[in-house]
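Coordinate inspection notes
Spelled out from the first residue to the last, the chains are:
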Amino acid sequence: MRIALIQLNTGNIVADAVTAAESLIREAAAGGAVFISTPETTHLMEMNRKAVLEKACTQDEDLGLKRFRALAAELGVWLHIGSLITKVAEDRLANRAFLIGPDGEIKASYDKIHLFDVDLGGGEAYRESALYEGGKAAVVAKTPMGAFGLSICYDLRFAYLYRALAHAGADILLVPAAFTKPTGEAHWHTLLRARAIETGCFVLAAAQTGHHATGRDTFGHSLVIDPWGRVIADAGEDVGVTYAELDLAKCAEARQKIPSLTHDRDINVTTVDAK
Ligand SMILES: O=C(O)CNC(=O)[C@H](CS)NC(=O)CCC(=O)C(=O)O
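Here the structure is a predicted model, which is why all the values come from computation and not from measurement.

**A word on the pattern of salt bridges**
- The final tally for this structure, using the stated rule, is 17 salt bridges.
- Note that E105 and R69 form a salt bridge whose closest N and O atoms lie 3.4 Å from each other. Residue E105 is located in the loop between strand 4 (92-100) and strand 5 (106-111), and its partner R69 is located in helix 3 (residues 65-75); the two are separated by 36 residues in the primary sequence.
- Taking the relative accessible area as the measure of exposure, R69 reaches 26% and is therefore partly exposed.
- Linked through salt bridges whose partners overlap, the residues forming this network are E22, R26, R67 and E74.

**Examining the site of the ligand**
- The ligand sits among 18 residues. The nearest are K112, C153, R157, T183 and R216.
- At a separation of 2.9 Å, an oxygen atom of the ligand approaches a polar side-chain atom of K112.
- In the environment of the ligand, an oxygen atom lies 2.7 Å from a nitrogen or oxygen atom belonging to the side chain of R216.
- With the chains in place, 100% of the 490 Å² that the ligand exposes on its own is no longer accessible.
- With respect to the pocket detection grid, the ligand is positioned in the largest cavity.
- Split by residue class, the shell around the ligand holds nine nonpolar, three polar and six charged.

**Some points on the nonpolar core**
- With 47 residues, the main nonpolar core has F35, W188, L192 and L204 as its most contacted residues.
- Those residues in contact with W188, other than ones at most four positions away along the chain, are L156, V175, A177, F179, T183, A205, A207, F219, G220, H221 and L223.
- One finds A28, A33, L71 and L93 within the second-largest nonpolar core, a separate group that totals 32 residues.

**Re the sheet that holds strand 3 (residues 78-89)**
- Ordered in space as 5-4-3-2-1-16, the six strands form an open sheet in which the pairing is mixed. Whereas interior strands pair on both sides, the edge strands pair on one side only; in this sheet they are strand 5 and strand 16 (240-245). Strand-to-strand, the axes of this sheet are offset by a mean angle of 30°, without reference to chain direction.

**Description of the packing of helix 4 (residues 159-167) against helix 5 (residues 181-199)**
- Helix 5 packs onto helix 4 with a crossing angle of 35° between their chain directions and a minimal axis gap of 10 Å. Helix-helix and strand crossings are classified by hand; for helix 4 and helix 5 the assignment is right-handed. Counted together, A159, Y162, R163 and A166 of helix 4 and R195, E198 and T199 of helix 5 form the full contact between these two elements.
- Class assignment of the residues belonging to the contact of helix 4 with helix 5 gives a composition of three nonpolar, one polar and three charged.

**Focus on empty space enclosed by the protein**
- Counting across every chain of the model gives two cavities of 30 Å³ or more.
- The space that makes up the largest cavity amounts to roughly 160 Å³.
- For the largest cavity, the lining is made up of 16 residues, of which E40, M47, E128, Y132 and R216 are closest to its centre.
- Counted as a void, the second largest cavity has a volume near 60 Å³.
- For the second largest cavity, the full set of lining residues is F116, C153, Y154, R157, A178, F179, T180 and T183.
- For the lining of the second largest cavity, the class distribution of residues is five nonpolar, two polar and one charged.

**A look at the packing of helix 1 (residues 14-30) against helix 3**
- Running from amino to carboxyl end, helix 1 crosses helix 3 at an angle of 15°, the nearest separation of the two axes being 11 Å. Considering their axes alone, helix 1 and helix 3 lie roughly parallel with respect to each other. When you trace helix 1 past helix 3, the crossing you get is right-handed. On helix 3, the residues that touch V18, T19, A21, E22, I25, R26 and A29 of helix 1 are R67, F68, L71, E74 and L75.
- By residue class, the composition of the contact of helix 1 with helix 3 is seven nonpolar, one polar and four charged.

Analysis parameters
Residues numbered from 1 in each chain as written. Predicted model: local features only at pLDDT ≥ 70, side-chain atom pairs only at ≥ 80, totals over all residues. Heavy atoms only, no water. Salt bridge = Lys/Arg side-chain N within 4 Å of Asp/Glu carboxyl O. Helix = DSSP H or I, 4+ residues; strand = E, 2+ residues; numbered from the N terminus. Buried < 20%, exposed > 50% of the residue type's maximum accessible area, 1.4 Å probe, protein only. Near = heavy atom within 4 Å. Polar contact = N/O pair within 3.5 Å; in protein donor to acceptor, adjacent residues only side chain to side chain. Areas by Shrake-Rupley, 256 points an atom, 1.4 Å probe, with all protein chains shown as cover. 1 Å grid on protein atoms, 1.4 Å probe; cavity = no way out; pocket = protein on both sides within 12 Å on 5 of 7 lines; lining within 4 Å. Sits in = over half its atoms within 2 Å of the grid points. Nonpolar A, V, L, I, M, F, W, Y, C, P; charged D, E, K, R; others polar. Core = buried A, V, L, I, M, F, W, Y, C linked by side-chain atoms within 4.5 Å. Contact = heavy atoms within 4.5 Å. Pairing = 2+ DSSP bridges. Axes fitted to C-alpha atoms, helices over the stretch in contact; angles between N-to-C directions. Left-handed = near helix turned anticlockwise from the far one by under 90°. Points joined across faces, edges and corners; volume = space filled by probe spheres on them. Parallel < 35°, antiparallel > 145°, perpendicular 65-115°, else oblique.

Spelled out as structure tokens, the structure:
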């Protein structure tokens, strides 16, 4: 199965971002990909709540989900939009990923559970929970091409989520992201490889890259990792399309060698005062 990851440098003008994503999705389909994945917040990188509320998309907007659904149907591909900032009610937003089938129908959606509230030092701070509501449920989408476990960006740091997705039958873990530069350099490859190794799943992580219109910098390096933890594609720092071939028999192979998913234990921690 030939897949493609789209690496983007999304700004704060929705029309431009959607056009840029669309042209790379077309290129990926022309290149033979049957499954195409885009990064977190494909259509808008913006942290100001007022601006985000104005530019967020609703289910039936021309410049968002509707356009991507039509595109998936036209190209006859599975299209995973890593996320769209989605208006779920008048004053409420979710950071939501969509899996669209080749018939243009939404097969699954997922709201980011773990929100990025951190202070990185040097003035770099994020309060994602001030913008979005966190999701409440993990999602595995069983498709004719395999079972996809959905997640978004900062979710990557919570190993239990991926273990739960693997136990629920996932073969392929999706981790669309907009990782910061400093945390990407320090942690991105290692965390993604660990998730693949721990679960015996393929990991597909489409990323935002470069300097964005609102002043942020993201790490890039969209990655495809096989179930043994090998990086089989790394997009580097440029915007564009990255291809890989997935053979899902590799999941069973890895799990046969290391059947750790069948060896889970309930852990009781005893804290001793050892002064
Ligand atoms: O809201 C947007 O515009 C796009 N969303 C993001 O950029 C999100 C929330 S700020 N980024 C992350 O979760 C980065 C996680 C990360 O970098 C880490 O875990 O180290």
